[in-house]
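# Structural features, examined
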Amino acid sequence: MPTISRRRFVSALSLAPLWPLSATAQAAWPTKSGRIVVPYPAGGSPDAFARTVADQLGTQTGQSFIIENKPGATGLLGARAIAQGSADGHGMAYISSGHVTLSAMNPSFSLLKELKVVSKLSVSPFICVVNPKSPYKTMQELIAGVLAKPGKLSFGSAGLGSPAHIAVEFLEEKIPGFKALHVPFKGAVESINAIMGEQIDFSILVMGAAVPHIQSGKLRGLGVTSASRSAALPDTPTIAESGAPGYLYESWGGMAMHAQTPDDTVERVFQALGKATNTAPVKALMEKTGSHVATSGSPKEFAHQLARDIQAETKLIKALGLTANS
């Protein structure tokens, strides 16, 4: 049996406490206030979600997290604000399924190279909406209207390749002859305003952005994009049961950090976000907007999921003939 001298034993014992202390110091987070960049305008569903999560992170960590809205270029400006910023671990970018499409469409942007993803946090279906004065009172009527006038009825989205845009593209795939005119905006808020102003005929909006306006009577909901009806609007049928069998499209939201952020810091942020999204205020917001909390198992699991999604979406984008300059 190997032996160890008393001197070596005492020397090793004196060094032992330094090992965990050193690791703890390296992983310390946060050490100052942070920021979360939301690549969409203030007032929308992603903004409300990010602000609620930021509040919970502040309560949990004792540090404030400031929201910065940087809309534009289908989410690229917001993502680049973090990707090209500091890697000190105190900046996060709110990302969504729209960034997967952006990465598939734009060769100059690589989501998984420019950012280090942390976790998916929420999942939400979309809902097709029209102005309350619209002649289309059901999803079946809207579909019939588009089929009767191909390319004439217009729909709005948060930009080329945004989830709302792709949602309609999927609808066009499901329904032969369904073709509407795409009108891109900077964000969902502008798209909603355009519907309210009767400038466009319809849009497929994320539930969180649409529900408050539907409940107040400012928009009319025709059909949800999920496989089953939403608890937030139980009387609104799914698009699948309204003339597009098998139709399913949902969006997710999550967080990412600078690509050079240390893995141990990312793990700390991952754990903190998991706790923040499972608090009563966040769950209440999710329930109110028809979304639900859906955190990833780990940062690596999230990255692997996105790699698969980007590959699949790249094939779709090529099939549709879409590019960042379309």
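In the block above lies the structure referred to throughout.
Residues numbered from 1 in each chain as written. Predicted model: local features only at pLDDT ≥ 70, side-chain atom pairs only at ≥ 80, totals over all residues. Heavy atoms only, no water.

## Looking at the overall build of the chain
Assigned secondary structure in the chain consists of 13 helices and ten strands. Each of the three principal axes of the chain carries a C-alpha extent, and together these read 90 × 40 × 40 Å. For the chain, the proportion of its 326 residues judged to be buried stands at 52%. Sequence-distant contacts in the chain: of pairs separated by 6 or more residues, those separated by 24 or more amount to 77%. Of the accessible surface of the chain, which amounts to about 15000 Å², a share of 55% is contributed by carbon and sulfur atoms. A gap of 7 Å separates the mean positions of the 29 positive and 22 negative side-chain charges of the chain. (Helix = DSSP H or I, 4+ residues; strand = E, 2+ residues; numbered from the N terminus. Buried < 20%, exposed > 50% of the residue type's maximum accessible area, 1.4 Å probe, protein only. Contact = heavy atoms within 4.5 Å. Areas by Shrake-Rupley, 256 points an atom, 1.4 Å probe, with all protein chains shown as cover. Lys, Arg positive; Asp, Glu negative; His and termini not counted. Charge placed at Lys NZ, Arg CZ, Asp CG, Glu CD.)

## Here we look at the packing of helix H5 (residues 97-105) against helix H13 (residues 299-320)
Two elements in contact, H5 and H13, have axes whose closest approach is 8 Å; the angle formed by their N-to-C orientations is 55 degrees. Taken together, H5 and H13 sit at an angle that is classed as oblique. Between H5 and H13 the crossing geometry is right-handed. Of H13, the residues touching H5 (which contributes Val100, Thr101, Ser103, Ala104 and Met105) are Leu306, Asp309, Ile310, Glu313, Thr314 and Ile317. For the contact of H5 with H13, the residue count by class is six nonpolar, three polar and two charged. (Axes fitted to C-alpha atoms, helices over the stretch in contact; angles between N-to-C directions. Parallel < 35°, antiparallel > 145°, perpendicular 65-115°, else oblique. Left-handed = near helix turned anticlockwise from the far one by under 90°. Nonpolar A, V, L, I, M, F, W, Y, C, P; charged D, E, K, R; others polar.)

## Let's talk about the side chain of Ser296
Within the secondary structure, Ser296 is located in the loop between strand E10 (292-293) and H13. Of note is the side chain of Ser296, whose polar atom sits 2.9 Å from the backbone nitrogen of Lys120. Ser296 has contacts with Ser119, Lys120, Phe270, Glu301 and Phe302, leaving out every residue within four places of it along the chain. (Polar contact = N/O pair within 3.5 Å; in protein donor to acceptor, adjacent residues only side chain to side chain.)

## Brief notes about the pattern of salt bridges
Two side chains carrying opposite charge are able to pair once their charged atoms lie near each other. Overall, the coordinates contain eight salt bridges when judged by the stated rule. A salt bridge links Arg35 to Glu68, with the shortest nitrogen-to-oxygen separation between them at 2.9 Å. Remark: Glu68 occurs in strand E2 (residues 65-69) and Arg35 occurs in strand E1 (residues 34-38); sequence separation between them is 33 residues. What makes Arg35 partly exposed here is its relative accessible area of 24%. Among the residues examined, Glu68 registers a relative accessible area of 26% and is labelled partly exposed. Lys133 is the salt-bridge partner of Glu198, the closest N and O atoms lying 3.9 Å from each other. Placement of Glu198 in the loop between helix H9 (188-196) and strand E7 (202-206) and of Lys133 in the loop between strand E4 (115-130) and helix H7 (139-148) is noted, with a sequence separation of 65 residues between them. Accessibility assignment for this pair places Glu198 and Lys133 in one class, exposed. (Salt bridge = Lys/Arg side-chain N within 4 Å of Asp/Glu carboxyl O.)

## So, empty space enclosed by the protein
Under the defined criterion, the tally for this structure stands at one cavity of 30 Å³ or more. Computed from the structure, the largest cavity encloses a volume of approximately 420 Å³. Every residue lining the largest cavity is counted, 31 residues in all, and those nearest its centre are Tyr40, Pro46, Phe126, Val206 and Ser251. Per-element tally for the lining of the largest cavity: the top contributor is E4, with four residues. Grouping the amino acids of the lining of the largest cavity by side-chain chemistry returns 17 nonpolar, 14 polar and no charged. (1 Å grid on protein atoms, 1.4 Å probe; cavity = no way out; pocket = protein on both sides within 12 Å on 5 of 7 lines; lining within 4 Å. Points joined across faces, edges and corners; volume = space filled by probe spheres on them.)

## Section: the environment of Asp88
With respect to the helices, strands and loops of the structure, Asp88 is situated in the loop between helix H4 (76-83) and strand E3 (91-96). Residue classification places Asp88 among the partly exposed residues on the basis of a relative accessible area of 33%. Considering only alpha carbons, one finds Asp88 and Leu171, 83 residues apart in sequence, at a separation of 43 Å. A polar contact is formed between the side chain of Asp88 and the side chain of Lys32, at a distance of 2.8 Å.

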